[in-house]
Amino acid sequence: MSVTFAQGFSAAGVSAGISAVAGKKDLALVVNNGPLDAAAGVFTSNRFCAAPVQWSRSVVADGHVKAVILNSGGANACTGKPGYEQSKATAEKVAGLIGAKAEDVAVCSTGLIGELLPLDNVLSGADKAFETLADTAEAGADASHAIMTTDTKPKTVELEGSNGFRIGGMVKGSGMIAPQLATMLCVITTDAVVTAGQLQAALNAGVEMSFNRIDVDGCMSTNDTVLLLASGASGIEPEPDEFNELVAKATASLARQIIGDGEGASHGIRVKVTGATTEEAALACGRAVAASNLLKCAISGNDPNWGRIVSSLGTVPPDVAPYDSEKVTVDVNGVRICENGGAGRDRSEVDMTPREVHIDIDLNAGDAEATVWTDDLTHEYVHINADYES
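The chain is annotated in an unreviewed UniProt entry as Arginine biosynthesis bifunctional protein ArgJ from Bifidobacterium ruminantium. Quoted verbatim from the Sequence similarities (unreviewed entry) heading of the UniProt record, the comment on the chain is "Belongs to the ArgJ family." In its Subunit (unreviewed entry) section, the UniProt record describing the chain reads: "Heterotetramer of two alpha and two beta chains."

Visitor: Explain the pattern of salt bridges to me, please; I cannot follow it from the model alone.
Guide: For side chains bearing opposite charge, pairing can occur when the charged atoms are close. One pass over the full model with this rule turns up 13 salt bridges. In this structure, R213 and E279 form a salt bridge, with 2.8 Å as the shortest nitrogen-oxygen distance. Linking R213 in the loop between helix 5 (196–208) and strand 9 (214–215) with E279 in helix 7 (residues 279–290), this pair joins segments that are 66 residues apart in sequence. Residue class for E279 comes out partly exposed when judged on its relative accessible area of 33%. For R347, the salt bridge is made with D303, and the minimal N-O distance between the two is 3.3 Å. Remark: D303 occurs in the loop between helix 8 (293–300) and helix 9 (306–313) and R347 occurs in the loop between strand 14 (342–343) and strand 15 (356–362); sequence separation between them is 44 residues. One connected set of salt bridges, linked through shared partners, spans E208, R213 and E279.

Visitor: Even after reading the chapter, I still don't get the side chain of D331, so can you show me in this structure?
Guide: If you trace the backbone, D331 turns up in strand 12 (residues 329–332). Separated by 2.8 Å, the side chains of D331 and R336 make a polar contact. Those residues in contact with D331 that lie beyond four places of it in its chain are R336, H358, I359 and D360.

Visitor: Mind showing me how you'd approach the domain arrangement of the chain here?
Guide: Here the chain is partitioned into domain 1 (9–260) and domain 2 (268–387). The centre of domain 1, based on its C-alpha atoms, is set 32 Å off from the matching centre of domain 2.

Visitor: Help me understand the pairing of strand 1 (residues 9–14) in this model?
Guide: Two faces, one strand: in a regular strand the side chains alternate between the faces of the sheet. Extensive coverage of strand 1 is indicated by the burial of six of its six residues. On strand 1, burial covers both faces: F9, A11 and G13 on one face and S10, A12 and V14 on the other are all buried. Direction of pairing for strand 1 relative to strand 2 (residues 27–32): antiparallel, over a ladder of six bridges. Directly across from A12, in strand 2, lies its bridge partner L29.

Visitor: Would you explain helix 7 in this entry?
Guide: Because an α-helix packs 3.6 residues into every turn, residues spaced three or four apart end up facing the same way. In this model helix 7 runs 16 Å from its N-terminal to its C-terminal C-alpha over 12 residues, within 8% of the 16 Å that 1.5 Å per residue would give. Those residues of helix 7 that fall on the buried side of the exposure criterion are A281, A282, L283, C285, G286, A288, V289 and A290.

Visitor: What am I meant to see in the sheet that holds strand 5 (residues 105–109) here?
Guide: If you trace the four strands from one edge of the open sheet to the other, you get 1-2-4-5, paired in mixed fashion. Both edges of this open sheet fall to strand 1 and strand 5, since each of them pairs with a single strand only. Each neighbouring strand pair of the sheet contributes to a mean axis angle of 10 degrees, computed without reference to strand direction. In this sheet, strand 5 lies alongside strand 4 (residues 67–71) in parallel orientation, the contact comprising five bridges. Along strand 5, the bridge assignment pairs N71 with S109. On top of the sheet, helix 2 (residues 80–98) reaches strand 2, strand 4 and strand 5; it is set at about 130 degrees to strand 5, its chief contact.

Visitor: It is not clear to me how the sheet that holds strand 10 (residues 225–230) should be interpreted in this structure. Could you clarify?
Guide: To summarise the sheet geometry, strands pair through backbone hydrogen bonds and adopt either a parallel or an antiparallel arrangement. The strand order across the open sheet formed by five strands is 3-10-8-7-6, and the pairing between neighbours is mixed. Where the open sheet ends on each side, the last strands, each with one partner, are strand 3 (38–43) and strand 6 (155–160). On average, each strand axis in the sheet is tilted by 10 degrees relative to the strand beside it, whichever way the strands run. The pairing of strand 8 (residues 185–190) with strand 10 spans six bridges and is classified as parallel. Counted as the bridge partner of L185 is T225 from strand 10. Against the sheet, helix 1 (residues 51–60) makes contact with strand 3 and strand 10, and its axis sits at roughly 140 degrees relative to strand 3, the strand it touches most.

Visitor: Could you clarify how one ought to interpret helix 6 (residues 240–259) in this entry?
Guide: Under the 1.5 Å per step criterion, the end-to-end length of helix 6 is 29 Å for 20 residues, consistent within 8% with the ideal 28 Å. Listing the buried residues of helix 6 in full gives E242, F243, L246, V247, A250, T251, L254, A255, I258 and I259. The residue sitting at the N-terminus of helix 6 and contributing the capping side-chain oxygen is E239; that oxygen lies 3.1 Å from the backbone nitrogen of D241.

Calculation rules
- Residues numbered from 1 in each chain as written.
- Predicted model: local features only at pLDDT ≥ 70, side-chain atom pairs only at ≥ 80, totals over all residues.
- Heavy atoms only, no water.
- UniProt positions renumbered as here; feature names shortened; annotations may be inferred.
- Salt bridge = Lys/Arg side-chain N within 4 Å of Asp/Glu carboxyl O.
- Helix = DSSP H or I, 4+ residues; strand = E, 2+ residues; numbered from the N terminus.
- Buried < 20%, exposed > 50% of the residue type's maximum accessible area, 1.4 Å probe, protein only.
- Polar contact = N/O pair within 3.5 Å; in protein donor to acceptor, adjacent residues only side chain to side chain.
- Contact = heavy atoms within 4.5 Å.
- Domains from an automatic or database assignment.
- Pairing = 2+ DSSP bridges.
- Expected span 1.5 Å × (residues − 1).
- Axes fitted to C-alpha atoms, helices over the stretch in contact; angles between N-to-C directions.

If you want it as structure tokens, here you go:
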């Protein structure tokens, strides 16, 4: 059911003629029917942030969002004032349809950078989406399909709290994925009775441990947007810790689904660093390893090349992650192939047939740890990005 799993939300996904792929669903609309309209958001830190990011960041600032319109087929990034005016016009169109203010409508776009959207198609698509709005599972599924670009499948989540409140969500993302965030549009809904402040705190914590810890190709997007909306339709005030935990589970599930659908990927790779002096040190080490294109290519070839792991690990400055290289161990899929900074068991003993590859690094310098997820890089990744159409 995606975003319609939570009570108080309706959605639609339609073909508006925005995408270069004929007939593809390319415009989604999610409407919060209340009684609350609390909202929170997290956005890309890319300095070339897209027009819809600029617009939606200002919309979310007051903690209220009544609707979100999302399109694939064009990022509307690096398009200057005309691009911003397109986002504004899109919000005004939706606001007129649902009887709200434009300042309460968030706008999200994904696709090719540097080109304006076919605005007439976007606006007529908004009419079409409004006419087909529903709170059904099918409507939620249509919305999740409409935001896909190079994704091979929709990515959704549905969770329920112990006292009955619900969380639903959808995300798109497959390439241009790197901390912070990923190339993604994400809408998470809840029918819990919560404030905008509660939503923002829960979202910040959830994003930090999920979307900010995945890396497909080391490339940061201009359009990343994560929105968390609350309708209050269940009438249930959740226990704060449980609510935060469920939001974290939702973001973790969606982030893992992105890794599972990385462009052309044949392996998902979990890099866990333990024995660090601080969590920040562990995270820096994990990210250094996860960012290694040499390692990703080796994993694609089913080669657990531990030399590429420790060489990347060694790029982290000592003042960021102090450790003794002669005490470091590396296990791949449970086989210790690096012992005390040197060769361990023969890497031919490692079973590389599972889809997930687990790399466990112990710095033996402290008690902190962190985990980062990434993908391998394959010939298919090159093919997809050498001929990208949105």
